[in-house]
Every structure is written in C-alpha cells, then in structure tokens.
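Structural overview for review
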Amino acid sequence: MSELAELTTATPFRAPVEEVLVDLEVAGLDEVLGCTAFAGIDTSTVSDALEGLGRFAEEVVAPTDAVGDRVGARLDAGSGRVVLPEPIVAAYRRYVEAGWGALQFPAEHGGGGLPGCVGLAGQELLAGANLSLSLNPVLTQSAIELLLAWGDEAQRRRYLPRLLSGEWCGTMNLTEPEAGSDLGAVSARAERGPDGTWKLSGTKIFITWGEHDLSENIVHLVLARTPGSPAGTRGISLCVVPKCLVGASGELGERNAVRVERLEHKLGIHASPTCVMSYEGAVAELVGPERAGMRAMFTMMNLARVAIGVQGPAVGERAYQQALAYARERRQGRANGAGPGAASPIIEHPDVRRMLLTMRTSVLGSRLLAYRAATSGDLARHGAHGRGRTEAQALADLLTPLAKSLASDSGFAVASLGMQVLGGVGYVEETGMAQRLRDARIAPIYEGTNGIQAIDLVTRKLPRDDGRVAKQVIAGVAGTARRAGTELPVTSEILAESAAILTETTSWLLDRVE
C-alpha cells in the first residue's frame, strides 16, 4: 500500500455524537421529550444512549466495514445459506447482546422507550460505521413498527420479543420481476386452505437481507394477492412469512417453504445480501385486513424512507472525515501567501477548502432535514391530541419524500467530493473512499427511487390543503433569513432569495397539479 493510501485508511471512524445531539435539539427533541409518552426521559438519557452506541459503532462495527466490502456475502449452494464474514457475524452478536436494536420502542414490549428520532440518530451512527450491516436493523425495526401498528395480539406475542432483541431479523418483500416501482403489478398469491392456513407462492427480487446467518429466524413481510382480489394496489394483502415456523409460545419449528435463489452482485454494499426469494406454498398469516396490504406496508416504508435518507449524512460524514484528515496531511504545491520552500498542506488551497466546506454543510443540512422529519413523526404519534397531532403528521408527510431524496442525493455528492479532495489516490480502492462512493449510490435508488419521491411530493403532499404546510415551511425559512440579517447579511440575502424562488415555484406547481 502506498504512503498516500495509508493517510486515509489510517483514519478511524469517529461517531459524530456531539453534532448529532446538537442537530436533534435544533430539530425539536425538547418538544418531543415534553410528550407524556416520554415522561422521565431527558436529554441526558438521550445523550448517554447515543454516546454508548457511538462508542459501539466506532470500536465494534467500523472495523468490519472494509472486510465486508472486500469479502461480501456469499451464497453456499449446498446448504442454501447466505454466509457473512465472521467479523460481521461477531459484531452483530455483540449488537444483540447489548440490546441496541430496541432503543426507540415502547417499554411494555421490551424496548428502551426513547423517541423515534433518537432511534434514527442511532441508525445514522451505525450506517456511518458500516452501511451494509446497518441495513439489517433498519429493516427489523421497520418490521417491528408495522407489527405494532397492524399485527394482532397473537402475532405481536409471537414475533415482537425476538425481533426487539435482535435475535430474529425482519425484511420487506415488495418487488417482483414485473413489479418494481409499480406495486399494482404484484402477482405473488396467498391462498387459504380448508384448515384456514394461508399458503403463499411467488418470486420476490431485490430483497435486502433476505437470507443470512446472523440470526436463527427471519420474519418476512410479503405483499401478495388473495383469490378474487381486484387488479392494482387495492387488491394487495400483506402476509408475515417466517423463515422457520413459529409456535404459539415463540418456539421455532420446521423450515418454511421459502428459499433464496441467488444473490445479486452489486456495485456497493457488498456485505448486505440482496436476494432473489422463492416462496413455494410457504405458510403465511395475514397482517391486518385482507386487501389492506399497501396501507399496512406504508407504515413500514415511510419509516424506512427516512432511515434511508439519513444514510446520506452517514456516508457523507465518513467521507468528510477521511477527506479532512488527508487534506491536513497531504502536501502539494504552495498555497497563496505561503513562503518559499516546503509544499503546503492541500487544505490551504482555496478549492480544497471549498470542497471540504461544501461536504460539511451538506452533511449538516441533510441530517437536520431527516431529523426534522423524524421529530414531526414523533409528535404526530405522541403529541397533544387533536390539531397538534394532525399538524405534525402533515409536516412529517411533506418532509418524508424530501428527507429521503435530498439527503440521499447529498450523500452521494459528498462522497464524490471526498474522492475529488483525495485526487488520484481517492480512486484507489485501498483508501476506502471508493467504497464510500459505491455504497452511497444505492440510497437514491432503493426504498422508492428519488424520482418517485418527487412524484409523491408534487402530486400528493404539496397540494394538500392548497399547499398550506409547504407555504408554512417556506415562511419559516423567510423568517430565519430576516432574523439572520444583522449578523449574517450575505447568508441572509441568499436565504431570502431562495425562499422567494421556492415560493414562486410552489405557486407554479400548485396551479398545474391536477
């Protein structure tokens, strides 16, 4: 390995806990902690939890990132098992033992009772340490939220304890070969037998963590059609299909009729197995009412979309740390004003400083957006009843597609800038910056492409109540610009101009959306 490559590979990941706590506060953490549901929890409790998780991410998870990228997940054709590198398996077991996966769930179900926004901050810390591995808890936690909202008591009793502990993992199974973004084309079928048992058959593709050796059971949440259902999304139901059958008391039974056909070979996130799954008359249970599958699945998808959004600042933060460390050490040329003789650190060159500042502000801005979406979601569920919850939900609905798309696009842009700061050495795999770029590229694609987020924003979220919520957000930006005028006149002017452009654009869209 070259000396230049060593400058970045020697840069350990630092979990940005201090910055995360500040951004949570700016995004409205205090208001969330004021809700009755979080009585007894204060900012010191949140700080202690995130500092502990940050240390875990730095010391246990981050060292697995490079080996996960280099070795990846492997399908053992003989056993049908997906095998992960041993360091990742060991890190996940320690994650389970420490109970990190249950921070944001109700105490009555065995969780830590913290707000969802704190859980999102924890997801960011893990994603910065190892994006591939962090996807597993994101899916499991989304599955927990869905079962809490839509599962019956028997399903909650059977699945939630071990999903909360992390002993079992969850997935979402939506996409099929002919039903990608258009879920109305889903063709997997669930049929009810004479004994009342549902059997599900079909093929699902791009199933993240669909099979692996981190846990003894995997709880698949699968979209399918039932007999007599109408075409389109209105005819879709949601089923829970465990990898291994589960008894009434939670004991594991025989293997269900579900298997992985193959793993996809991907540009990045190599340690996150992306599976083609085959269901061949697998035993299933309906979750929620028949033909209400899309409504139920959106409980899972909306939470996951914000979690995918926060992967942008997570990867961006890691890229920024590597780029900053390299720019401070790498000497090349003489910066303006430097004396003759020794070369200057490249951080003294204006273009490098511009790139680093762009990276830094992009990370902060996208993180704040995702956190504000999360705090709005917390207030919608736990805030004052009536209008307060309605207003919070309206804001969460508006911000969710923005948080997913803007933050994920920003993460890839920041990783690209990080490579530019490193120059030629950034293009060398040994430095790890290439992994940042490859890993970040998936976030604008999965969990609803960013083009779909734009459609959702413009055709559904923006026009509600004649754009009232969007107009309130823009008015808040304009107000901030006015208040900043004295101390930050240039920034204030730019922000005010941006708010004016956004006002004009919003009005133009509202006039044209049908």
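For clarity, every value in this text was computed on a predicted model and none was experimentally measured. (Residues numbered from 1 in each chain as written. Predicted model: local features only at pLDDT ≥ 70, side-chain atom pairs only at ≥ 80, totals over all residues. Heavy atoms only, no water.)

Turning next to the pattern of salt bridges. Opposite charge on two side chains makes pairing possible when the charged atoms of those side chains draw close. This structure, assessed with the given rule, holds 30 salt bridges. With a closest N to O distance of 3.2 Å, E153 and R156 form a salt bridge. Taken as a pair, E153 and R156 lie in helix α9 (residues 153-165) at a separation of three residues, close to a single helical turn. A relative accessible area of 53% means that E153 is categorised as exposed. Connected through shared salt-bridge partners, R14, E19, D23, E124, E317, R360 and R367 make up one network. (Salt bridge = Lys/Arg side-chain N within 4 Å of Asp/Glu carboxyl O. Helix = DSSP H or I, 4+ residues; strand = E, 2+ residues; numbered from the N terminus. Buried < 20%, exposed > 50% of the residue type's maximum accessible area, 1.4 Å probe, protein only.)

Okay, the packing of aromatic side chains next. A complete count under the given rule lists three aromatic pairs for this structure. Relative to Y95, the ring of F56 has its centre 6.5 Å away and its plane inclined at 45°; by these criteria the two rings are tilted. Of this pair, F56 sits in helix α4 (residues 43-61) while Y95 is found in helix α6 (residues 86-98), placing the two residues 39 residues apart along the sequence. The class of F56 is buried, set by a relative accessible area of 9%. On the basis of relative accessible area, Y95 is assigned to the buried category, the value being 6%. (Phe/Tyr/Trp six-rings, centres within 6.5 Å; stacked < 30°, edge-to-face > 60°.)

Burial of strand β6 (residues 217-225) is extensive: nine of the nine residues sit out of reach of the surface. Relative to β6, strand β3 (residues 168-173) runs parallel, the two being bridged by six bridges. From the neighbouring strand, M172 faces β6, where its bridge partner is L221. (Pairing = 2+ DSSP bridges.)

Moving on, we get to the environment of R438. By the secondary structure assignment, R438 is in helix α14 (residues 433-440). Separated by 280 residues in sequence, R438 and R158 place their C-alpha atoms 38 Å apart. Sequence-distant contacts of R438, defined by excluding residues within four places in its chain, comprise D69, L267, G268, H270 and E429. Separated by 3.2 Å, the side chain of R438 and the backbone oxygen of L267 make a polar contact. (Contact = heavy atoms within 4.5 Å. Polar contact = N/O pair within 3.5 Å; in protein donor to acceptor, adjacent residues only side chain to side chain.)

For the rest of this paragraph, the subject is the nonpolar core. In this structure, L24, L50, L200, M297, L356 and V421 are the most contacted members of the largest nonpolar core, which totals 146 residues. Of all the elements, helix α12 (residues 350-382) adds the most residues to this core, at 12 residues. Excluding its chain neighbours within four sequence positions, the residues that come into contact with M297 are L146, M172, L174, L221, L223 and L238. (Core = buried A, V, L, I, M, F, W, Y, C linked by side-chain atoms within 4.5 Å.)

This brings us to the pairing of strand β9 (residues 252-255). Both strand β8 (residues 244-246) and β9 contribute to a ladder of two bridges, which runs antiparallel. Bridge assignment links C244 to a residue of β9, and that residue is R255. Two successive antiparallel strands, β8 and β9, enclose a turn made up of five residues, where G250 displays a positive phi of approximately 95°.

Once that is clear, we can look at unusual backbone geometry. The phi dihedral of W209 is positive, around 55°, even though this residue is not glycine. The residue W209 is located in the loop between β5 (198-208) and β6 in this model. Residue classification places W209 among the buried residues on the basis of a relative accessible area of 1%. One non-glycine residue with positive phi stands out, namely I269, at about 35°. Counting through the fold element by element, I269 comes out in the loop between β10 (258-263) and β11 (274-286).

The subject of this paragraph is helix α10 (residues 293-309). In an α-helix, one full turn covers 3.6 residues, which means residues spaced three or four apart are oriented alike. Helix length check: α10 (17 residues) gives 24 Å between terminal C-alpha atoms against 24 Å at 1.5 Å per residue, within 8%. Within α10, the axis deviates most sharply at T299, by approximately 30°. Most of α10 sits out of view: 12 of its 17 residues are buried. All of the buried residues along α10 are G293, M294, A296, M297, M300, M301, A304, R305, V306, A307, I308 and G309. (Expected span 1.5 Å × (residues − 1). Bend = angle between axes of the 7 residues up to and from the residue.)

With that settled, consider the packing of helix α13 (residues 387-422) against helix α15 (residues 450-461). For the pair α13 and α15, the least separation of the axes is 9 Å and the interaxial angle reads 155°. As the angle between them shows, α13 and α15 are arranged roughly antiparallel. Read as a crossing pair, α13 and α15 show a hand that is left-handed. Of α15, the residues touching α13 (which contributes D397, L398, P401, L402, K404, S405, S408 and D409) are N450, Q453, D456, L457 and K461. For the contact of α13 with α15, the per-class residue count stands at four nonpolar, four polar and five charged. (Axes fitted to C-alpha atoms, helices over the stretch in contact; angles between N-to-C directions. Parallel < 35°, antiparallel > 145°, perpendicular 65-115°, else oblique. Left-handed = near helix turned anticlockwise from the far one by under 90°. Nonpolar A, V, L, I, M, F, W, Y, C, P; charged D, E, K, R; others polar.)

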